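# Structural description and commentary
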Amino acid sequence: MPSYVVVGASKGLGYQFLRTISEQDSSNIVIGLVRTPEDVQKKIEADGLKNVHIIHGDLDSHVSLNAAAKKTAELTGGALDYLIVNGVYSPVHVYLKTVEDFIDKEDVFLTELKQTMQTNVGGTLFAFNAFLPLVLKSNIRRVAAISSMAALRDYVYDGEDALGIHYATSKAAMNILVAKFAARYKHEGVRFVSLSPGSVKTHPEIPEEFMELVRTPLRRFDPEFKGQLSPAQSVEMCLQVMDELKQEQSGEFLSHHGNKTLWLVER
């Protein structure tokens, strides 16, 4: 009965990880870290996910992550097989701004940069450090950080995507952080990966006009792009990549296909 921790599991892709892993095998131990446990617990109960445990955990608080790791150890017998860091901060109100829009607005740029780096990079480091003592007691030892094509140079350039500067920059930095962890734990056999989940339908509440601006670079980057994946499709593929990850791939930034070539099209 493998054990899983998903950090940032309250909605979207994170919640789908809980649901998919729970439904794959009722003996799996599935733990979701969220900032507001009560709300998510109600959702878990309504969906009948009996092998899912919800614990408080916030990427902006290493104290809460360390406490969550202690509670996890109590549920799993002291070891953890899979760690997935999915939580993210993305400042939507500046997402549509390009580089020149921050001329004379340098304070706005730095404020949002500080928060995105704190959550997406610092939070990933905090989460990895909190749970690695448990991961090292497992024989599986898989760790993933959910990244984005937005951090891929070829996508940015070929897709002419000049938007989402803070989000993309923080994800690129996070990818390097994952590689640093892979280097540090290379000889302990922990396999790390930064995973792009593809283009996924996770925000139905966002206006269509906004989403169309986001999808336009995708079509420029890949003419084969036919539409977004469902969260369930993406999660199944990401879990397969984690399971099939080889030691020599540790620290790489991979697509949901497990390679560096197919970032959008389905198998």
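Calculation notes
- Residues numbered from 1 in each chain as written.
- Predicted model: local features only at pLDDT ≥ 70, side-chain atom pairs only at ≥ 80, totals over all residues.
- Heavy atoms only, no water.
- Buried < 20%, exposed > 50% of the residue type's maximum accessible area, 1.4 Å probe, protein only.
- Helix = DSSP H or I, 4+ residues; strand = E, 2+ residues; numbered from the N terminus.
- Pairing = 2+ DSSP bridges.
- Phe/Tyr/Trp six-rings, centres within 6.5 Å; stacked < 30°, edge-to-face > 60°.
- Lys NZ or Arg CZ within 6 Å of the ring centre and 35° of its normal.

The protein chain appears in an unreviewed UniProt entry as NAD(P)-binding protein from Pseudopithomyces chartarum.

In terms of burial, strand E6 (residues 191–195) is largely enclosed, as four of its five residues are buried. Sheet topology places strand E5 (residues 142–146) next to E6; five bridges connect them, and they run parallel. Among the inter-strand pairings, Ile146 is bridged to a residue of E6, identified as Leu195. Of the strand pairs in this sheet, E6 and strand E7 (residues 252–254) are connected by three bridges, and their pairing is parallel. Pairing of Ser194 across the sheet is with Phe253, part of E7.

Take the packing of aromatic side chains next. Throughout the structure, instances matching the rule amount to nine aromatic pairs. Where Phe128 meets Phe181, the ring centres are 5.0 Å apart and the plane angle is 85°; that geometry is what we call edge-to-face. Of the two residues, Phe128 sits in helix H4 (residues 106–135) while Phe181 sits in helix H6 (residues 165–184), which places them 53 residues apart along the sequence. Aromatic side chains Tyr155 and Phe221 sit 5.5 Å apart centroid to centroid with 85° between the ring planes, which places their arrangement in the edge-to-face category. With Tyr155 in helix H5 (residues 153–158) and Phe221 in helix H7 (residues 208–221), this pair connects stretches of sequence that are 66 residues apart. Taken together, the ring pairs in this structure connect Phe128, Phe181, Tyr185 and Phe192 into an aromatic cluster. Between the NZ or CZ atom of Arg153 and the centre of the ring of Tyr157, over which it lies, the distance is 4.5 Å. Directly above the ring of Tyr185 sits Arg184, whose terminal nitrogen or CZ lies 4.5 Å from the centroid.

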